Amino acid sequence: MINYHPSDAILTRFVEADLSISLSIIVSSHVEMCTACQQKVAKLTQEAALIHFHLAEHDNQEADTVNVTMSAYDDIALINKITDSPQEVKLSLPKTITEIEIEGQRLPLPTALKSIELNEWQGIGKISRSRLNVDDDERRMSLLSIAKAGSVPRHTHKGFEITLLLQGSFEDEMGTYQAGDFIWLNDEHTHQPVSTSGCVCLTVSSDALKFTQGVSQILNPLGKLIY
């Protein structure tokens, strides 16, 4: 059962296409996994469509009072301008990846990830990461895998970190998380994720982790790996 979801404000911005690309991808991936959020998004989409319809209807009524026409000559001239200089169009379709294999298990990818290039996996101990090639300013998106009996050292966040659990489970001081759970943390949260059975997450981070125990210089490579 999915217990953690994006806020209504985030879902509204998602419907209005008002999120950055990485946030849109991770919210879309959660919605695909979550029946409750699918229903919310459907309702929000319907409400947005009605608002847009009424605004468009109002604009059309105002436009009817203005006598603006385009002559047939102008139509023909426009068509000729478009067709006079035909150019060869080369289409480059993205490579579609429907699933990946991690720790010997197959993981179907959410639809929003299937055309995004994955970089090579990098790992330290029981933690490994594959960066997604998404250009979104300072925000970074990754697939993060924690092997069985693995954990991330106790840390907080310099910016925000969004985690969507795709497979498996993990727990921390704040709760236990299952596939589909959407967790948004910032510098107000400190935790140590532990996975008994192993898990795979989709993450979006705006800055590096800040470890709160151990020798920080030793843990810095792990922080850079995860971010």
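Since the structure is predicted, the reported quantities are computational estimates derived from the model, not experimental observations.

Rules behind the numbers
- Residues numbered from 1 in each chain as written.
- Predicted model: local features only at pLDDT ≥ 70, side-chain atom pairs only at ≥ 80, totals over all residues.
- Heavy atoms only, no water.
- Helix = DSSP H or I, 4+ residues; strand = E, 2+ residues; numbered from the N terminus.
- Buried < 20%, exposed > 50% of the residue type's maximum accessible area, 1.4 Å probe, protein only.
- Contact = heavy atoms within 4.5 Å.
- Areas by Shrake-Rupley, 256 points an atom, 1.4 Å probe, with all protein chains shown as cover.
- pLDDT = per-residue confidence, 0-100.
- Salt bridge = Lys/Arg side-chain N within 4 Å of Asp/Glu carboxyl O.
- Core = buried A, V, L, I, M, F, W, Y, C linked by side-chain atoms within 4.5 Å.
- Pairing = 2+ DSSP bridges.
- Axes fitted to C-alpha atoms, helices over the stretch in contact; angles between N-to-C directions.

(A) Layout of the overall build of the protein. Of regular secondary structure, the protein possesses 5 helices and 14 strands. Looking at the protein as a whole, 37% of its 227 residues qualify as buried. Counted over contacts in the protein with a minimum sequence separation of 6, partners at least 24 positions apart contribute 65%. Accessible area for the protein stands at about 14,000 Å²; split by element, carbon and sulfur atoms hold 52% of it.

(B) A look at the environment of alanine 208. Relative to the helices and strands, alanine 208 resides in the loop between β13 (199-205) and β14 (209-211). Between the alpha carbons of alanine 208 and glycine 159 there is a distance of 7.3 Å; along the sequence they are 49 residues apart.

(C) Region of the structure containing the confidence of the model for the protein. In this model, the protein carries an average pLDDT of 82, and 75% of its residues clear a pLDDT of 70 or more. Ranking the helices and strands of the protein by mean pLDDT puts helix α2 (residues 21-33) first, with 97, and helix α4 (residues 72-83) last, with 50. This model gives residues 65-73 a pLDDT under 50, and the stretch forms 1 contact once residues within four places in sequence are excluded.

(D) Seen up close, the pattern of salt bridges. A complete count under the given rule lists 7 salt bridges for this structure. Between arginine 13 and aspartate 18 there is a salt bridge; the shortest N-O distance is 3.3 Å. Owing to a relative accessible area of 37%, arginine 13 belongs among the partly exposed residues under this scheme. Between arginine 154 and glutamate 173 there is a salt bridge; the shortest N-O distance is 2.6 Å.

(E) Focus on the nonpolar core. Residues Ile26, Val27, Leu113, Leu132, Met141, Leu143 and Leu202 are the most contacted members of the largest nonpolar core, which totals 30 residues. Where this core is concerned, the elements lending two or more residues are α1 (8-15), α2, α3 (35-63), β1 (99-102), β5 (140-146), β8 (161-168) and β13. In terms of residue count, α2 provides more of this core than any other element does, 5 residues in total. In this structure leucine 113 touches Ile25, Ser29, Leu132, Met141, Leu143 and Leu202, once residues within four positions along its chain are discounted. Listed in part, the 13 residues of the second largest apolar core include Ile127, Leu165, Tyr177 and Cys201.

(F) Representation of the environment of aspartate 135 in the model. Considering the arrangement of structural elements, one finds aspartate 135 in the loop between β4 (127-131) and β5. C-alpha of aspartate 135 to C-alpha of serine 20: the two residues are 115 residues apart in sequence and 9.9 Å apart in space.

(G) Representation of the sheet that holds strand β3 (residues 122-124). Overall, antiparallel pairing links the 6 strands, which are arranged β3-β4-β5-β13-β8-β11 in an open sheet. Since the sheet does not close on itself, it has two edges, and those belong to β3 and β11 (182-185), each with one partner. With direction set aside, neighbouring strand axes in the sheet form an average angle of 25°. Against the sheet, α2 touches β5, β8, β11 and β13, its axis set at about 35° to β8.

(H) Spotlight on the side chain of serine 169. Note that serine 169 resides in the loop between β8 and β9 (170-172). Contacts of serine 169, omitting those with residues within four sequence positions, involve Tyr177, Gln178, Ser195, Ser197, Gly198 and Cys199.

(I) Molecular detail of the side chain of serine 128. Within the fold, serine 128 resides in strand β4. When sequence neighbours within four positions are dropped, the list of residues in contact with serine 128 reads Trp121, Gln122, Gly123, Leu143, Leu144 and Ser145.

(J) Up close: unusual backbone geometry. Of note, glutamate 103 is a non-glycine position whose phi angle comes to about 55°, a positive value. With respect to the helices and strands, the residue glutamate 103 is situated in the loop between β1 and β2 (105-108). With a phi close to 65°, alanine 149 is a non-glycine residue in the positive phi region. Relative to the helices and strands, alanine 149 is located in the loop between β5 and β6 (150-151). The exposure class of alanine 149 is exposed, given its relative accessible area of 59%.

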